[in-house]
Amino acid sequence: MSLAFDDYGRPYIILRDQGQKKRMKGLEAYKSNILAAKAVANTLSSSLGPKGMDKMLVSPDGDVSVTNDGATIVEKMEIQHPTAKLLVELSQSQDAEIGDGTTGVVVLAGKLLEQALTLLDKGIHPLKISDGFDRACDVAIKHLETISEEIDIQANEHEALIQAACTALGSKVVSKRKRELGKIAVTAVLDVADLARRDVNLDLIKIQTKTGGSVEDTRLISGILIDKDMSHPQMPKEVNDAKICLLTCPFEPPKPKTKHNINISSAEDYKKLYQQEQQYFIDMVNLVKASGANIALCQWGFDDEANHLLLQNELPAVRWVSGTDVELIAMATGARIIPRFQEITPEKLGKAGCVKEVQFGTSNERMLVIENCQCTKAVTILIRGGSQMIVDEAKRSIHDAICVIRNLIKDNRIVYGGGSAELACAIQVLQYADEVSSVEQYAIRSFADALEGIPCCLADNCGLNPITSVAQAKSRQLKENNPRIGIDCMELGTTDMKEQRIYETLSSKKQQIQLATQVVKMILKIDDVIAPDDY
Amino acid sequence: MDIVGNVLPQVLKDEATEDKGEMARLQSFVGAIAVADLVKTTLGPKGMDKILKPTGPGQEMTHITVTNDGATILKSMYVENPAAKILIEISKTQDEEVGDGTTTVAVLAGELLREGEKLIQKRIHPQHVIAGWRIARDVALKRLRDISTENDINSQEFHDDLVKIARTTLSSKLITSDRNYFADLCVKAVLRLKGSSNLDYIQIIKLPGGTIRDSYLDDGFILKKQITIGCKRRIENAKILVANTAMDYDKIKIYGTKVKVNSMDKVAEIEAAEKEKMKHKVDKILKYQPTVFVNRQLIYNYPEQLLADSGITVIEHADFEGMERVAAATGAEILSTFDAPERSQQVLGHCDLIEEIMIGEEKMIKFTGCKKNEACTIVLRGASTHILDEVDRSIHDALCVLITTVKNKRVVWGGGNSEMQMAAACEEEAKKVQGKQAFAIEAFARALRQIPTIICDNGGYDSAELIQNFKVELQKGNNTCGLNMTDGTIGNMSELGVKECLRVKEQALMAASEAAELIMRVDNIVKCAPRKRERA
């Protein structure tokens with residue numbers, strides 16, 4: 001109890017509102033934290049690997065989503081426990097930094113914590129454990145770099161990239177079409193990639209979803225798809241050789257920002273004002289027309305009169321285009337965003353091969369496609385699927401695949417998947433453990449055990465005997481000195497991951513091990529949890 | 001508590017639940033199958049209807065819906081079960097994408113899961129089941145496409161096909177006795193669209209009274225509005241100006257304007273100016289020399305009077321869709337400014353005759369002999385609003401299917417023929433596949449065969465015998481055989497003229513298998529604590 005007594009023997013309270021607080025200390029706190037974090041990791045562990053299962057999540061409002069993506073699962077679980085929340089953040093930071101491997105990182109952290117629990121039972125001090133994990137982590141990272149291989153991303157029509165995308169998509173519900181979707185993702189990324197700077201601006205890839213059809217109907221549009229239609233039902237539905245005028249001012253009389261009043265005191269004023277108003281519309285349309293534009297896209301709305309004037313002048317227009325779309329269109333077509341009608345000049349117009357309206361299904365929903373843009377640096381992936389849940393999950397999966405490809409373009413070193421990299425690291429860490437003479441030796445050994453947990457988990461999910469298959473893979477790795485031996489999840493008959501072509505990026509693997517170790521260290525440092533009782 | 005007995009700390013919020021493994025799977029199966037069972041009695045020509053009764057205070061007896069349409073039933077249900085929600089979702093998508101087959105898709109997904117459950121009980125891993133289903137789906141899809149036929153869009157055969165398809169779709173609905181009549185009506189309406197797929201241009205007007213047989217497709221176009229009092233009720237050879245403009249008083253649109261006067265005279269002056277402005281606008285409109293003026297917005301007395309004085313018939317307050325339809329039918333342009341009278345020829349719409357007609361007790365405006373004639377009107381009559389609503393839904397289904405067929409052009413035989421063919425294809429494939437997946441492929445075939453089985457059962461026939469005979473007929477190479485639901489025998493579909501649209505079948509197959517796969521892959525259900533709603 002945090003109750004102390006002063007020199008006269010009177011008790012005084014150290015914590016405010018002590019009665020209403022819940023407090024856990026020492027070993028009890030460690031164990032409670034570890035168990036909570038493990039519970040989250042356990043939930044995720046069955047989602048790992050190509051045969052991992054999905055989770056169905058029901059939101060507080062009753063909406064259903066089905067997903068295999070670690071970061072999405074933990075985010076939507078609405079976890080309450082403070083330590084378990086750390087794992088949520090862990091998964092999210094992996095998502096933000098790398099975009100893929102969000103399940104793996106949580107599972108690894110869970111395995112590490114499991115090991116830490118047994119070490120704690122042995123009476124080893126938490127700090128010693130975390131020290132040991134730290135040192136083991138360094139060894140593992142170094143070894144990862146030595147076993148990594150550089151791949152030629154250009155060779156064989158970007159085959160390596162497609163394979164890596166397939167690995168990322170393999171565990172998702174869309175895995176049946178992984179090859180097609182992988183290709184779409186690779187083409188999309190390469191279209192927008194700046195290969196000289198080895199950088200990819202993912203903002204240029206727009207992922208648009210639309211229910212209906214099936215996942216096979218997903219396609220790549222070398223242009224931009226916006227969920228809008230022409231402002232007037234009788235405007236042409238297709239504009240070829242489009243010169244696009246991109247406006248961020250409404251087709252309405254100006255609204256000065258300064259507060260003002262126009263006082264009308266006579267009939268002449270009234271008439272003048274009316275004429276002025278008409279003139280505004282005519283001027284606006286003329287200015288656009290004069291620049292040679294043959295389609296206007298506007299971020300704001302149109303007045304009915306302006307709308308009709310546009311139709312009369314055969315100038316198709318689109319209103320209420322969202323801000324992000326405006327920027328995307330600007331980048332793709334080379335248009336300058338024009339904030340004032342007076343500033344429209346022919347140079348500021350964007351060019352595209354074709355702007356047309358497309359229609360889906362019977363529900364009369366229309367979208368605009370801008371194709372063959374002048375600077376083709378923006379693409380759209382249109383995802384179709386039987387229901388909202390499938391479409392959403394496909395979107396998350398494609399996002400993962402795109403991230404993997406981007407990472408490969410940034411850094412073309414890969415390691416092999418199927419648990420082979422973890423196994424190789426585990427062997428290396430185990431060797432290193434024997435060289436350490438202090439208590440940390442136990443922690444380092446446990447780290448190796450935790451790394452082995454990943455292939456174990458993979459084998460488990462694929463319906464293989466985890467212990468036998470991991471033992472076999474490990475002994476073959478040692479015997480043949482081949483770090484590419486892993487778990488044959490797809491039952492293809494070979495355990496060499498190079499033959500199965502299961503690629504994972506080095507950066508993702510490194511990040512996984514580092515982040516997991518860091519979080520575990522953090523959890524191990526907590527020895528006192530103070531929380532409101534009714535929390 | 002975990003297996004060893006350690007007390008686990010609470011990780012999720014209070015009231016949140018997490019179900020794992022078997023429990024989660026059981027939950028999804030039960031939910032999905034329950035939904036499928038609920039709608040399956042509506043399947044087929046002898047399917048039954050459902051009454052949907054709204055909940056909530058004060059509405060107990062109002063707004064009752066009687067329907068046979070899967071999507072409508074599922075949409076109006078409140079379900080808690082997440083897997084059931086997925087089924088409802090695919091049914092909705094089916095409705096949006098092709099408009100028909102909404103029951104089939106839910107039932108097929110449910111049957112797949114029912115078969116899947118049996119496989120799981122046999123200790124086959126869900127991933128193996130999914131692998132098998134994927135093979136089966138591809139095989140089924142291939143067979144489906146192989147057996148479909150295509151006719152040229154302008155040929156008489158294609159036209160016949162459309163009528164047959166409409167008849168098949170309508171046969172499961174309330175209006176089955178009049179299906180020939182309505183099939184013909186729907187086909188004519190769709191052909192009027194000339195390949196456009198905009199359903200908005202087919203207007204359905206529902207008027208209680210008369211019998212269902214009194215419904216008709218108008219040869220012109222009907223606007224559910226009245227001609228303003230004081231105008232001519234019948235205009236021949238009309239020139240129509242369709243506008244969307246303020247005809248009350250023209251607001252000044254410049255921001256921050258205020259009228260500030262210092263004497264009564266000035267007020268009068270401004271009022272006069274305002275009036276003049278209106279008159280000016282009317283004058284400009286008159287320069288177009290229309291004989292009919294249709295406006296989306298209100299028309300105030302003054303301009304109305306001015307227009308009426310010039311002998312123009314005024315129709316005010318037409319809704320947006322109505323306007324678009326008028327524009328589409330008469331070939332008019334929708335105007336908002338009136339500064340280019342020289343374009344009068346281009347912007348005005350034409351029709352031979354506009355007259356006010358009475359249907360039942362309501363006055364409407366009928367446009368006959370329109371220039372473009374792309375929009376049309378179906379007038380539905382019936383004994384009660386419930387019947388009319390259901391007829392509306394049925395007609396909508398039929399129109400959707402027809403439009404889809406016009407786009408896709410490919411058709412298959414109905415009467416369960418396509419399902420049986422697909423099932424046969426899957427069974428052939430199952431014999432060739434090594435490994436456990438074969439069980440799943442067989443299960444897929446069984447699920448497909450359930451569709452005709454349910455149709456038989458709903459008709460009160462001996463499904464076991466019929467389906468077996470059906471199988472035998474197919475095996476003999478009789479590729480056009482199918483269920484004859486009037487006699488309860490296996491009949492020849494080409495003689496009975498039962499056809500269905502390929503696209504509808506395709507979409508149902510794909511959506512159902514995708515949804516079943518999605519549910520099958522789940523091994524964990526996390527339900528968040530429901531959001532607390534504060535009662536007002």
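Right above here is the structure, for reference.
From a predicted model like this one, the values you see are computed outputs, not experimental measurements. (Residues numbered from 1 in each chain as written. Chains lettered and ligands numbered in written order. Predicted model: local features only at pLDDT ≥ 70, side-chain atom pairs only at ≥ 80, totals over all residues. Heavy atoms only, no water.)

Asker: Where do I start with the sheet that holds strand S5 (residues 202-208) of chain B in this structure?
Answerer: Hydrogen bonds between backbone groups are what pair the strands of a sheet, and the pairing can be parallel or antiparallel. All names here are of chain B. Read from one edge of the open sheet, three strands run S5-S15-S6, paired in mixed fashion. Single-partner strands in this sheet number two, and they are S5 and strand S6 (216-217). Across two bridges, the pairing between S6 and strand S15 (residues 376-382) is antiparallel. Bridge assignment links Leu-217 to a residue of S15, and that residue is Ile-378. (Pairing = 2+ DSSP bridges. Helix = DSSP H or I, 4+ residues; strand = E, 2+ residues; numbered from the N terminus.)

Asker: Can you help me understand the nonpolar core in this one?
Answerer: In a soluble, globular protein the nonpolar side chains are often hidden away together inside. Residues and elements named next belong to chain A. Ranked by size, the top nonpolar core spans 166 residues in total, and within it Leu-247, Phe-251 and Val-288 carry the most contacts. Excluding anything up to four places from it in sequence, Leu-247 contacts Val-288, Leu-297, Cys-298, Gln-299, Ile-338, Phe-341 and Ile-344. Ala-36, Ala-140, Ile-147 and Val-470 belong to the second largest nonpolar core, which has 77 residues in total. (Core = buried A, V, L, I, M, F, W, Y, C linked by side-chain atoms within 4.5 Å. Buried < 20%, exposed > 50% of the residue type's maximum accessible area, 1.4 Å probe, protein only. Contact = heavy atoms within 4.5 Å.)

Asker: Can you walk me through the sheet that holds strand S4 (residues 54-58) of chain A in this structure?
Answerer: With respect to topology, four strands assemble into an open sheet ordered S5(A)-S4(A)-S20(B)-S1(B), the strand pairing being mixed. Taken across any chain shown, the strands that pair with only one partner, and hence form the sheet edges, are strand S5 (64-67) of chain A together with strand S1 (17-20) of chain B. Averaged over neighbouring strand pairs, the angle between their axes works out to 15° when direction is ignored. (Axes fitted to C-alpha atoms, helices over the stretch in contact; angles between N-to-C directions.)

Asker: What exactly am I supposed to notice about the environment of Ile-381 of chain A here?
Answerer: Residues and elements named next belong to chain A. Locating Ile-381 in the fold gives a position in strand S17 (residues 379-385). Taking the C-alpha atoms as reference, Ile-381 lies 8.2 Å from Ala-185; in sequence the two are 196 residues apart. The residues touching Ile-381, leaving out its near neighbours within four places in the chain, are Ile-184, Ala-188, Ile-205, Lys-206, Ile-207, Gln-208, Thr-218, Arg-219, Leu-220, Ile-398 and Ile-402.

Asker: Honestly, the interface of chain B and chain A in this entry has me stumped. Any pointers?
Answerer: One widely used convention gives an interface's size as the accessible area the parts lose upon coming together. Each side of the interface is counted separately: chain B has 91 residues, and chain A has 89 residues. For the pairing of chain B and chain A, the buried interface totals around 7800 Å² over both sides, and the portion due to carbon and sulfur atoms is 54%. For the pair chain B and chain A, the number of links is four salt bridges. Two residues, Asp-523 of chain B and Lys-55 of chain A, come together in a salt bridge whose shortest N-O distance is 2.6 Å. Between the two partners, chain B and chain A, sit 15 residue pairs in polar contact (both at pLDDT 80 or more). In terms of residue count, helix H3 (residues 82-97) of chain B provides more of the side of chain B that touches chain A than any other element does, ten residues in total. For the side of chain B that touches chain A, the residue count by class is 37 nonpolar, 17 polar and 37 charged. The pairing of strand S11 (residues 262-264) of chain A with strand S9 (residues 257-259) of chain B spans three bridges and is classified as parallel. Residue pairing in the sheet places Ile-264 of chain A in a bridge with Val-259 of chain B of S9 of chain B. (Buried area = accessible area lost by both parts, 1.4 Å probe. Salt bridge = Lys/Arg side-chain N within 4 Å of Asp/Glu carboxyl O. Polar contact = N/O pair within 3.5 Å; in protein donor to acceptor, adjacent residues only side chain to side chain. Nonpolar A, V, L, I, M, F, W, Y, C, P; charged D, E, K, R; others polar.)

Asker: Any chance you could explain helix H10 (residues 323-333) of chain A here in plain terms?
Answerer: The periodicity of an α-helix, 3.6 residues per turn, causes residues three or four positions apart to be oriented the same way. Taken as a whole, H10 of chain A has its buried residues at Asp-325, Val-326, Leu-328, Ile-329, Ala-330, Ala-332 and Thr-333 of chain A. With its phi angle positive at about 75°, Gly-334 of chain A sits one or two positions after the end of H10 of chain A.

Asker: So what exactly am I meant to see when it comes to the packing of helix H5 (residues 126-147) of chain B against helix H17 (residues 502-520) of chain B here?
Answerer: Think of two packed helices as two axes; the pair is described by the angle between the axes and how far apart they sit. Residues and elements named next belong to chain B. Running from amino to carboxyl end, H5 crosses H17 at an angle of 175°, the nearest separation of the two axes being 10 Å. The angle between H5 and H17 places the two elements in the roughly antiparallel class. Between H5, through Pro-126, Val-129, Ile-130, Trp-133, Arg-134, Arg-137, Ala-140, Leu-141, Leu-144 and Arg-145, and H17, the contact on the second element is made entirely by Leu-502, Lys-505, Glu-506, Leu-509, Met-510, Ser-513, Glu-514, Ala-516, Glu-517 and Met-520. Class assignment of the residues belonging to the contact of H5 with H17 gives a composition of twelve nonpolar, one polar and seven charged. (Parallel < 35°, antiparallel > 145°, perpendicular 65-115°, else oblique.)

Asker: Teacher, can you tell me more about the environment of Cys-298 of chain A here?
Answerer: All names here are of chain A. Assignment of secondary structure puts Cys-298 in strand S12 (residues 295-298). Taking relative accessible area as the criterion, Cys-298 reaches 0% and is therefore assigned buried. In this structure the C-alpha to C-alpha distance between Cys-298 and Ser-322, which are 24 residues apart in sequence, comes to 8.9 Å. Among residues more than four places away in sequence, those in contact with Cys-298 are Leu-247, Cys-249, Pro-250, Val-318, Arg-319, Trp-320 and Val-321.

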